Amino acid sequence: MRRKILAGLAGVAAVVALAGPAAADTTGSTIVTLTVDAAGGLSITVPATANIGHGVEGSTVTGQLGPVTVLDQRGSLTPNWTASVVSTDFVTGGGSSGETIPVINVLYWSGPATGTAGGGTFTPGQPTSAQQVIINVPQTAMSHTGGTGNNFASWNPTLSVVIPDGTVQGVYTGTVTHSVF
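Residue numbers here run from 1 along each chain, matching the order of that chain's written sequence. The predicted nature of this model means local features are confined to residues of pLDDT at least 70 and side-chain atom pairs, given and counted, to a pLDDT of 80 or more, with totals for whole chains, interfaces and linings taken over all residues. In computing side-chain properties, one takes all heavy atoms of the structure into account and sets aside hydrogens as well as water.

Undergrad: Just checking my understanding: could you explain the overall build of the protein for this structure?
TA: Helical segments are the DSSP runs of H or I of at least four residues, strand segments are the runs of E of at least two, and each set is numbered from the N terminus. Regarding its fold elements, the protein presents one helix and 14 strands. The 181 residues of the protein split such that 28% are buried. For this analysis, residues touch if any pair of their heavy atoms sits within 4.5 Å. For the protein, long-range pairs separated by at least 24 residues make up 77% of all intrachain contacts whose partners lie at least 6 apart in sequence. Accessible surface, the protein: about 11000 Å² in total, of which carbon and sulfur atoms supply 59%. Accessibility here uses a 1.4 Å probe with only protein chains present; expressed as a share of the type maximum, an area under 20% marks a residue as buried, one over 50% as exposed, and anything in between as partly exposed. Under the convention used here, a 1.4 Å probe and the Shrake-Rupley method define accessible areas, while residue burial counts only the protein chains that appear.

Undergrad: What am I meant to see in the nonpolar core here?
TA: It is characteristic of soluble globular proteins that their nonpolar side chains tend to be buried jointly. In plain words, nonpolar cores are sets of buried Ala, Val, Leu, Ile, Met, Phe, Trp, Tyr and Cys residues tied together by side-chain atoms within 4.5 Å. If you look at the biggest cluster of nonpolar residues, it comprises 24 residues, and the most contacted ones within it are Trp81, Phe90, Tyr108, Ile135, Trp155, Leu159 and Val161. For this core, the elements supplying multiple residues, two or more each, are strand E3 (68-72), strand E4 (81-87), strand E7 (106-109), strand E11 (139-145), strand E12 (151-155) and strand E13 (158-162). With three residues, the single largest contributor to this core is E4.

Undergrad: Teacher, can you tell me more about the pairing of E13 here?
TA: Strand residues, when the strand is regular, have side chains that alternate between the two faces of the sheet. In terms of burial, E13 is largely enclosed, as four of its five residues are buried. For two strands to be treated as a pair, DSSP must find no fewer than two bridges joining them. Pairing analysis gives five bridges linking strand E2 (residues 60-64) to E13, with the strands arranged antiparallel. Bridge pairing links Gly63 to Leu159 in E13. In terms of strand pairing, E7 meets E13 through four bridges, oriented antiparallel. Its bridge partner being in E13, Leu107 is matched across the sheet by Ser160.

Undergrad: Help me out: how do you make sense of the sheet that holds E4 in this one?
TA: The strands making up a sheet are joined through hydrogen bonds of the backbone, oriented either antiparallel or parallel. The sheet built from four strands is open, its strands ordered E9-E11-E4-E14 with antiparallel pairing. Edge positions in the sheet fall to strand E9 (121-124) and strand E14 (176-180), since each has one partner strand and no second. In this sheet, neighbouring strand axes are inclined to one another by 15° on average, regardless of whether the strands run parallel or antiparallel. Note that E4 and E11 share five bridges and pair antiparallel. Paired with Ser84 across the strands is Thr140, a residue of E11. Note on geometry: axes are C-alpha line fits, over the in-contact stretch for helices, and angles between N-to-C directions span 0 to 180 degrees.

Undergrad: Looking at this model, I keep getting lost on the pattern of salt bridges. Mind explaining?
TA: Side-chain pairs of opposite charge can arise where the charged atoms are in close proximity. We define a salt bridge as a contact between a side-chain nitrogen of Lys or Arg and a carboxyl oxygen of Asp or Glu at a distance within 4 Å. One pass over the structure, following the stated rule, counts one salt bridge. Notably, a salt bridge pairs Asp72 with Arg74, separated by 2.7 Å at the nearest N-O pair.

Undergrad: Explain the environment of Thr158 here, please?
TA: Looking at the element boundaries, Thr158 is found in strand E13. By relative accessible area, Thr158 is classed as buried at 9%. When the C-alpha atoms of Thr158 and Ile52 are compared, they prove to be 8.9 Å apart, with 106 residues separating the residues in sequence. For Thr158, the contacting residues outside a window of four places in its chain are Thr62, Gly63, Gln64, Leu107, Tyr108 and Trp109.

Undergrad: Help me understand the sheet that holds E3 in this model?
TA: On the basis of which strands lie adjacent, the open sheet formed by four strands has the order E1-E3-E12-E8 and antiparallel pairing. Across the chains shown, the open sheet's two edge strands, defined by having one partner strand only, are strand E1 (42-45) and strand E8 (115-117). For this sheet, the mean inter-axis angle between neighbouring strands, taken without regard to orientation, is 10°. As paired strands, E1 and E3 are joined by four bridges and run antiparallel to one another. In the strand pairing of E3, Ser43 is matched with Leu71.

Undergrad: What exactly am I supposed to notice about the confidence of the model for the protein here?
TA: A low pLDDT means the predicted coordinates there should not be read in detail. Per-residue confidence for the protein gives a mean pLDDT of 90, with 86% of residues at or over 70. Confidence over residues 5-18 falls short of pLDDT 50; this stretch has zero contacts with residues more than four positions distant or in other chains. The quantity called pLDDT is the predictor's confidence in a given residue, expressed from 0 to 100.

Below, the structure is given as structure tokens:
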């Protein structure tokens, strides 16, 4: 009888061994994400002050403002931007008519970029003095199109101020504002 039990147990073991557990999944997949953050935003830096020289009534004073730099750290797929420039009147004393050089007499040209980095195209608003513009309304100073990711451009713009007849002696001050968007 012991043989019959052993034979029966051997048969059960064989059936269990053949049936076995269901086939186990031998692979697994994990979807992984990460976030790339922008290092910063879009900014522009300009010289705090500039002295472009001196002249007499009826002459033109011309000088460079110093480096202007746009830094684009938005990490964008389409990092396009445009830098613009505009000026105020130049005044001395109380700003009477003889103490004012009207903004219509203030001309600007960006010149070419003095330094760039990143992909895309950097385009000066006025590459040479022949393209200088009056900056009584916002004018394009430099622009960037195309490429991806971060970029920067620098340029050293030139300002020309035509001193009208009848302008009195004095130190004239105006504000030239660069913006980027």
